[in-house]
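# Fold and contact review
So the chains spell out like this:
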Amino acid sequence: MTAVSAVVVVTLSLFIVVQLFHFVNQRREDYARQLESIAYSVRQPLTDAILQGEVQRAEDILNNLLPVAFLSRADVVLPGELQTLHARFPTERAVPAWTARVFNLPIRISVPLFALPQTPTSTPLAQLVLQADSYRMFQFIVSTFSTLLASYFLLALILSVAVTWSINRLMIHPLRAIIDELQNAPPETLTQHRLTLPAHHQDDELGALVRSYNLNQQRLEHLHAEQPSALSKDDNPPA
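So, how was this worked out
- Residues numbered from 1 in each chain as written.
- Predicted model: local features only at pLDDT ≥ 70, side-chain atom pairs only at ≥ 80, totals over all residues.
- Heavy atoms only, no water.
- Helix = DSSP H or I, 4+ residues; strand = E, 2+ residues; numbered from the N terminus.
- Rg over C-alpha atoms; globule rule 2.2 N^0.38 Å.
- Lys, Arg positive; Asp, Glu negative; His and termini not counted.
- Charge placed at Lys NZ, Arg CZ, Asp CG, Glu CD.
- Phe/Tyr/Trp six-rings, centres within 6.5 Å; stacked < 30°, edge-to-face > 60°.
- Buried < 20%, exposed > 50% of the residue type's maximum accessible area, 1.4 Å probe, protein only.
- Salt bridge = Lys/Arg side-chain N within 4 Å of Asp/Glu carboxyl O.
- Expected span 1.5 Å × (residues − 1).
- Bend = angle between axes of the 7 residues up to and from the residue.
- Polar contact = N/O pair within 3.5 Å; in protein donor to acceptor, adjacent residues only side chain to side chain.
- Pairing = 2+ DSSP bridges.
- Contact = heavy atoms within 4.5 Å.
- Patch = residues over 30% accessible without salt bridge, like charges linked within 9 Å, V, L, I, M, F, W, Y side chains within 5 Å.
- Areas by Shrake-Rupley, 256 points an atom, 1.4 Å probe, with all protein chains shown as cover.
- Core = buried A, V, L, I, M, F, W, Y, C linked by side-chain atoms within 4.5 Å.

### Some thoughts on the overall build of the chain
Within the chain, the regular secondary structure consists of five helices and four strands. When the helices and strands of the chain are listed from N to C terminus, the series reads α-α-β-β-α-β-β-α-α. Compactness check: the chain gives a C-alpha radius of gyration of 40 Å against a globular reference of 18 Å for 239 residues, more than 25% above the reference. Overall size of the chain, expressed as C-alpha extent along the three principal axes, is 140 × 35 × 30 Å. Computing the positive centroid from 17 side-chain charges and the negative centroid from 21, the chain places the two 8 Å apart.

Structural data, given as structure tokens:
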């Protein structure tokens, strides 16, 4: 039983881990697509504001992204990693270091800003960097893990109850009936005793056990029937 329980726990853990990473990867892709959509929606007006030197207009464009709930960072970075403009997002709540390392957080994209007309040899004026809120992702991971854990272990509990009930109905109860029948058999009729074949067990191992017992009893009865006749012949030798 301990070995079966260990196998069940390991199997459920593998299922939970695989599905957790699958769902997290789906959410990462969804966040990345949304970040790209947001970046390309402000890319051209932000480029125009930078080319015309309108710093306040560029900051206003970035600050207009504040209502996007899952955003935690929006920066304009010049070549050489020189940050010039950024939106005034609230301070992002920290997530455990191991979570960020395992799930590769934060989710960040960088979109180049080009002056028009853009040519194959054009160099970007700057990079628009957008980052998703890692704490929201952490909340999603915890919620998904909790749901998977509860669902799979509830399923395991239901299956355990169903399997236990089935084993009791199909094996334990018929075996107890056979044991009671053997214990209550009269001693003087042991050689004539036959077990009752349990219902719905004609073609399984339990039915084969009962038939084998009855066959052995039949052979034993024939053996006992032959022994008195043999003894009577020995007691009356020919004249």
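### Things to note about the packing of aromatic side chains
All told, the structure shown has four aromatic pairs when counted by the stated rule. Arranged with centres 5.0 Å apart and planes meeting at 5°, the rings of Tyr-31 and Phe-70 form a pair that is stacked. Of this pair, Tyr-31 sits in helix H1 (residues 2–51) while Phe-70 sits in the loop between helix H2 (55–63) and strand E1 (71–78); the two residues are 39 residues apart in sequence, bridging distant segments of the chain. In this pair, the class of Tyr-31 matches that of Phe-70, namely buried. Centre to centre, the rings of Tyr-135 and Phe-138 are 6.0 Å apart; their planes meet at 45°, and the pair counts as tilted. Placement of both Tyr-135 and Phe-138 in helix H4 (residues 134–183) is noted, with a separation of three residues, approximately one turn of the helix. Each member of the pair, Tyr-135 together with Phe-138, is buried.

### Observations concerning the pattern of salt bridges
The full count for this structure, using the stated rule, is three salt bridges. The shortest N-O distance in the salt bridge between Asp-75 and Arg-73 comes to 2.2 Å.

### Details of H4
With 50 residues, H4 ought to run about 74 Å at 1.5 Å a step, and its terminal C-alpha atoms sit 69 Å apart, in line with that. Maximum bend of H4: about 40°, positioned at Asn-168. Those residues of H4 not exposed but buried are Ser-134, Tyr-135, Met-137, Phe-138, Phe-140, Ile-141, Thr-144, Leu-148, Tyr-152, Ala-156, Pro-174 and Ile-178. Sitting at the amino-terminal end of H4 is Asp-133, which places a side-chain oxygen 3.0 Å from the backbone nitrogen of Tyr-135.

### A short note on the pairing of E1
For E1, the tally of buried residues reaches six of eight residues, placing the bulk of the element in the interior. In this structure, E1 lies alongside strand E4 (residues 126–132), joined through six bridges in antiparallel fashion. Paired with Asp-75 across the strands is Val-129, a residue of E4.

### Considerations on H1
The periodicity of an α-helix, 3.6 residues per turn, causes residues three or four positions apart to be oriented the same way. Between its terminal C-alpha atoms H1 stretches 70 Å, which fits the 74 Å expected from 50 residues at 1.5 Å a residue. Of all the bends in H1, the largest measures some 45° and sits at Arg-43, one to four residues before the proline Pro-45. Phi for Gly-53, located one or two positions after H1, is positive at around 70°.

### Comments concerning the environment of Thr-144
With respect to the element layout, Thr-144 can be found in helix H4. Of the residues examined, Thr-144 reaches a relative accessible area of 11% and is grouped as buried. C-alpha separation for the pair Thr-144 and Arg-101, spaced 43 residues apart in sequence, amounts to 18 Å. Leave out the neighbours within four places in its chain, and Thr-144 touches Leu-20 and Phe-23. Here the side chain of Thr-144 touches Phe-140 through a polar contact of 2.8 Å, landing on its backbone oxygen.

### Details of unusual backbone geometry
Looking along the chain, the bond that leaves Leu-105 and enters Pro-106 is cis, with omega of 5°. Among the structural elements, Pro-106 can be located in the loop between helix H3 (97–102) and strand E3 (108–113). The phi angle at Asn-104 is positive, at roughly 55°, despite the residue not being glycine.

### Regarding a nonpolar patch on the surface
Nonpolar side chains collect at one region of the surface, where Val-163, Ile-167, Leu-170, Met-171 and Leu-175 lie side by side and expose about 410 Å² of accessible area between them. Here Val-163 is to be found in helix H4.

### What about the nonpolar core?
One finds Leu-35, Leu-46, Leu-62, Leu-65, Val-76, Leu-128 and Leu-130 to be the most contacted residues of the largest nonpolar core, which totals 38 residues. Elements with a minimum of two residues in this core: H1, H2, E1, E3, E4 and H4. Among the elements that line this core, the one with the most residues is H1, at eleven residues.

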